[in-house]
There are 2 protein chains.
Amino acid sequence: MILMTSEVIQKATAAQKAAAAMNRLTTAQKNNALETMADALLAHSDDIIAANAEDLSRGKEQGTSPSLLDRLALNHERIAGIAEGLRQIVQLQDPVGATIQSFTRPNGLKVEQIAVPIGVIGIIYEARPNVTVDAAGLCLKTGNCVVLRGGSAALSSNAKIVEVLRNSLKTTDMPPDAIQLIEDSDRASVNEMLRLNGLLDVIIPRGGAALIQNVVQNATVPVIETGAGICHVFVDESANPAMASSIAYNAKMQRPSVCNSMETLLVHVAFARNGGLEELLAPMVKADAELRISGVTSGELANARKATDEDFATEYNDYILNVKIVSGLDEALEHIAAFGTKHSECIVTENADNAERFLQEVDAAAVYHNASTRFTDGFEFGYGAEIGISTQKLHARGPMGLPSLTSTKYRIYGNGQIRG
Amino acid sequence: MILMTSEVIQKATAAQKAAAAMNRLTTAQKNNALETMADALLAHSDDIIAANAEDLSRGKEQGTSPSLLDRLALNHERIAGIAEGLRQIVQLQDPVGATIQSFTRPNGLKVEQIAVPIGVIGIIYEARPNVTVDAAGLCLKTGNCVVLRGGSAALSSNAKIVEVLRNSLKTTDMPPDAIQLIEDSDRASVNEMLRLNGLLDVIIPRGGAALIQNVVQNATVPVIETGAGICHVFVDESANPAMASSIAYNAKMQRPSVCNSMETLLVHVAFARNGGLEELLAPMVKADAELRISGVTSGELANARKATDEDFATEYNDYILNVKIVSGLDEALEHIAAFGTKHSECIVTENADNAERFLQEVDAAAVYHNASTRFTDGFEFGYGAEIGISTQKLHARGPMGLPSLTSTKYRIYGNGQIRG
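About the thresholds
Residues numbered from 1 in each chain as written. Chains lettered and ligands numbered in written order. Predicted model: local features only at pLDDT ≥ 70, side-chain atom pairs only at ≥ 80, totals over all residues. Heavy atoms only, no water. Helix = DSSP H or I, 4+ residues; strand = E, 2+ residues; numbered from the N terminus. Buried < 20%, exposed > 50% of the residue type's maximum accessible area, 1.4 Å probe, protein only. Salt bridge = Lys/Arg side-chain N within 4 Å of Asp/Glu carboxyl O. Least-squares fit on C-alpha atoms with pLDDT ≥ 70 in both. Contact = heavy atoms within 4.5 Å. Phe/Tyr/Trp six-rings, centres within 6.5 Å; stacked < 30°, edge-to-face > 60°. Lys NZ or Arg CZ within 6 Å of the ring centre and 35° of its normal. Buried area = accessible area lost by both parts, 1.4 Å probe. Polar contact = N/O pair within 3.5 Å; in protein donor to acceptor, adjacent residues only side chain to side chain. Nonpolar A, V, L, I, M, F, W, Y, C, P; charged D, E, K, R; others polar. Pairing = 2+ DSSP bridges. Domains from an automatic or database assignment. Right-handed = clockwise from strand over helix to strand, strands pointing away. Expected span 1.5 Å × (residues − 1). Axes fitted to C-alpha atoms, helices over the stretch in contact; angles between N-to-C directions. Parallel < 35°, antiparallel > 145°, perpendicular 65-115°, else oblique. Left-handed = near helix turned anticlockwise from the far one by under 90°.

(A) View of the environment of Phe375(B). Residues and elements named next belong to chain B. Relative to the helices and strands, Phe375 is located in the loop between strand S12 (366–371) and strand S13 (389–390). The exposure class assigned to Phe375 is buried, which follows from its relative accessible area of 2%. Distance in space between the C-alpha atoms of Phe375 and Asn303 is 33 Å, their sequence separation being 72 residues.

Here it is, written out as structure tokens:
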């Protein structure tokens, strides 16, 4: 009898079997493996670039956009950057083994709660081959095994990269089976991963809204959702005008394609009066941002395109900004509660009470007083690396550093205690 | 136009609207509400007992078993116990508002990570009306709103209890809408809850394996799985015989119906020899435990019923025990990896190296050296209360105290910082 087992089950099973060996590795052994992987990427750059050329050629034939092709493309410089990323992960503190808490019970039982690897982590992502190495590096550093499922547009690149990484591990104490790549480009392989309870401990999607929603809607394996960001800046009556303008410009214009950029600017009506609004928006207008306005009834901006509820619910990821004049803090809080995605929200104010109310009452992963929403980022928080920014409330919320890739375990030491 | 909205959506929406007000409550306000709820339960005991009588009468008509009817039954003493449970929750430390970490970045941004309520918690459970009050109390103490969906067999009791609790809150600062009970006893209402992303932040199932698997398999809302326990005790070669026998007896017999009781006893072959096995099992044999044996080839026990792989994969929750003779620690670890549910596992040994290897390598929420698995419990760990015992690796693992019902939030204080 021949048992047919899918690629997904075979590889997830192999990863799970490697988990115990991963759990036994010391930090030095894990770091050595990461360094070896970085060396191997550099040594095999030409092979990786050749495989990448296949992806690029296929992409061009299929009419892939130049910007997507650019994200897909690898060259010696980019591979050197990817290898350097691994070496940076080596420098990070290993969270595994840390004691979370420790206490002795009246019956003499000594209880320790320690950080342990999660086990096997599934990563589902799109056509950026750098994610292959970056995600693997973060998972392996924390003693986890990883099952990667990248976008089919980068399949040749990913297959070569993973081959290089796995081969390099043969000279280290880390089991090559700790890294698995699903090469089946059929969407069914994604859906199979999503329901692999017992083999995968968690799935982390990295990509656009459609990819994330597919994972959230269909997974039975626990998911860490790294979701959309409709972020707001509220400019209060007492805001310092220069600071408000600078923060608003930075939050919208510095890199609009990312989840922590601002989509809607809320302006206190008293701040907006007497040219305050025009002054606030002037740098963005000068930079040709497209404005969609609500609540302005006079002046030049009254003729701008009107913002609709649909606009307020849209993550533009572009040089487009909704502007809404609000009667005060209460209306700003209501708008954020109605349209925010609980990612990053900011108040610009010189009023300490209003700042405190905003930071207390807004339900979001990161709430800012007088600073740009763009700082919601693992590197900016000093975590040195980032798996993503969690927009759910379980396990991890906001920028996820290495500790987000660990679970815990209770170790209990007794001398014969039984329960009465 | 009349919009038809289901009971589930209406009540979850009402809970979500109450979340901001819950988040603003002080610990004193929350404790006062819990005390008021406890007083109200006592004051309305007769009404609750009358409603409970309806459930009991319906249950008898439907042929419900006496043991289930006993779990469902309420009387003055049990209601007093339930009310006392609420007062015990009052005594517990409030985890909300605690600073998890705090640091200042080189650019002057001050970052604080603080514990906050999760938001709206869905609890799906079976026919024990005490869970209605217990789960509500734990959720409210941590500033969360709760949407309860209990078993239909307890519907009249639950409806009356929730009516009493909600009414009692009208004299407090806590919004009555923080407690919601889904009264629609159709299974469709459970499935609707499971997919209520955006209104429910997490679902915690409390009940048997079928209930939990339905939740895990169908939920798109994040779940905290409180799963099955197939727990093992491994008696090593060097184990103290009296201690081994005492721990094994306690782990199996003290309360076999619960998830942290032992299902399989693994015995080192050298310990088992020369009557060691018979001595180890004697107290259980005397107490009429049913034994299913593997690996015994001589003596009286060789004639006992043989344990199969199916037995090893069964959570009996009964006075039935699998016994397997193993060649040593390696085989014990392999057996646990193959059949364990990552709940609670124990080694009895005087060999410190073996103990360390067991505690390091066994992948479970709680690993014990020389103590009964029965201690995996929120009260035994000193948490004072317990939402359940998590058998997943995300967010919480093992006994869940009040901090498991919190999320976190970053508060960032700047003076005009923008990202470069």
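Don't stop here, the text continues.
(B) How the structure looks around the pattern of salt bridges. One pass over the full model with this rule turns up 48 salt bridges over all chains. Measuring nitrogen to oxygen at the nearest pair gives 3.0 Å for the salt bridge that ties Asp311(A) to Arg292(A). Highlighted residues: Asp311(A) in helix H13 (residues 309–312) and Arg292(A) in strand S9 (residues 290–294), separated in sequence by 19 residues. Residue Asp311(A) is classed as buried on the basis of its relative accessible area, which comes to 5%. Judged by its relative accessible area of 10%, Arg292(A) falls in the buried class. In this structure, a network of salt bridges that share partners links the residues Asp201(A), Lys342(B), Asp363(B), Lys393(B) and Arg397(B).

(C) Broad picture of the relation of the copies chain B and chain A. Here chain B sits on chain A after a turn of 180° about the axis and a move of 0.0 Å along it, with an RMSD of 0.1 Å. Such values leave the two copies arranged in the relation of a two-fold axis. For chain B, the residue whose C-alpha comes nearest the rotation axis is His395(B), separated from it by 1.8 Å. The overlap is high: 100% of the interface residues of chain B also sit at the interface in chain A, so the same surface is used on both sides.

(D) Molecular detail of the packing of aromatic side chains. What the rule picks out here adds up to 8 aromatic pairs over all chains. Joined through ring pairs, the aromatic side chains of Phe103(A), Tyr410(A), Phe381(B) and Tyr383(B) make up one cluster. Positioned over the ring face of Phe312(A) is Lys324(A), at 5.4 Å from the centre of the ring. Of note, Lys110(B) hangs over the ring of Tyr413(B), and the distance from its end group to the ring centre comes to 5.7 Å.

(E) Up close: the interface of chain B and chain A. Residue-level contacts link 73 residues of chain B with 73 residues of chain A. Summing the contributions of chain B and of chain A, the shared interface buries around 6000 Å²; its carbon and sulfur component is 47%. Counting across the chain B and chain A interface gives 10 salt bridges. In this structure, Arg419(A) engages Glu380(B) in a salt bridge whose closest nitrogen and oxygen atoms are separated by 3.2 Å. Linking chain B with chain A are 51 residue pairs in polar contact (both at pLDDT 80 or more). Looking at the side of chain B that touches chain A element by element, the count peaks at 11 residues for strand S15 (residues 406–417) of chain B. Of the residues assigned to the side of chain B that touches chain A, the class counts are 31 nonpolar, 27 polar and 15 charged. As defined by bridge partners, strand S15 (residues 406–417) of chain A adjoins S12(B) across 5 bridges and the pair is classed as parallel.

(F) Geometry of the domain arrangement of chain A. Domain boundaries in chain A define domain 1 (7–226 + 398–413) and domain 2 (231–375). For domain 1 of chain A versus domain 2 of chain A, the distance between C-alpha centres works out to 37 Å.

(G) Examining unusual backbone geometry more closely. Residue and element names in this part refer to chain B. The phi angle at Asn274 is positive, at roughly 55°, despite the residue not being glycine. Checked against the element boundaries, Asn274 lands in the loop between helix H11 (269–272) and helix H12 (276–286). The phi dihedral of Lys342 is positive, around 65°, even though this residue is not glycine. For Lys342, the position within the fold is in the loop between helix H14 (329–339) and strand S11 (344–348).

(H) Inspection of the pairing of strand S12 (residues 366–371) of chain A at higher detail. Counting buried positions along S12(A) gives 6 out of 6 residues, so the element sits mostly inside the fold. Handedness of the β-α-β unit built from strand S11 (residues 344–348) of chain A, helix H15 (residues 352–361) of chain A and S12(A) comes out right-handed.

(I) Region of interest: helix H6 (residues 129–141) of chain A. Residues and elements named next belong to chain A. With 13 residues, H6 extends 19 Å from end C-alpha to end C-alpha; this agrees with the ideal 18 Å at 1.5 Å per step. Counted residue by residue, H6 has 11 buried out of 13 residues, so it is predominantly covered. All of the buried residues along H6 are Pro129, Val131, Thr132, Val133, Ala135, Ala136, Gly137, Leu138, Cys139, Leu140 and Lys141. Positive backbone phi, approximately 75°, marks Gly143, located one or two places after H6.

(J) Here's a closer look at the packing of H6(A) against helix H7 (residues 155–169) of chain A. Residues and elements named next belong to chain A. Where H6 contacts H7, the axes come no closer than 9 Å and their chain directions differ by 30°. By the criterion of interaxial angle, the relationship of H6 to H7 is roughly parallel. For the element pair H6 and H7, the recorded crossing hand is right-handed. Within the contact between the two elements, H6 uses Pro129, Thr132 and Val133 and H7 uses Ser157, Asn158, Ile161 and Val162. Across the contact of H6 with H7, the residue classes break down as 4 nonpolar, 3 polar and no charged.

(K) Structural context of the sheet that holds strand S10 (residues 320–326) of chain B. Within the open sheet, the 9 strands sit side by side as S1(A)-S2(A)-S15(A)-S12(B)-S11(B)-S7(B)-S8(B)-S10(B)-S9(B). Their pairing is mixed. Either end of the sheet is taken by a strand with one partner, and the two such strands are strand S1 (99–104) of chain A together with strand S9 (290–294) of chain B. The mean angle between the axes of side-by-side strands here comes to 20°, regardless of whether they run parallel or antiparallel. Helix H15 (residues 352–361) of chain B rests against S15 of chain A together with strand S7 (231–235), S11 and S12 of chain B of the sheet, and its axis sits at about 145° to S15(A).

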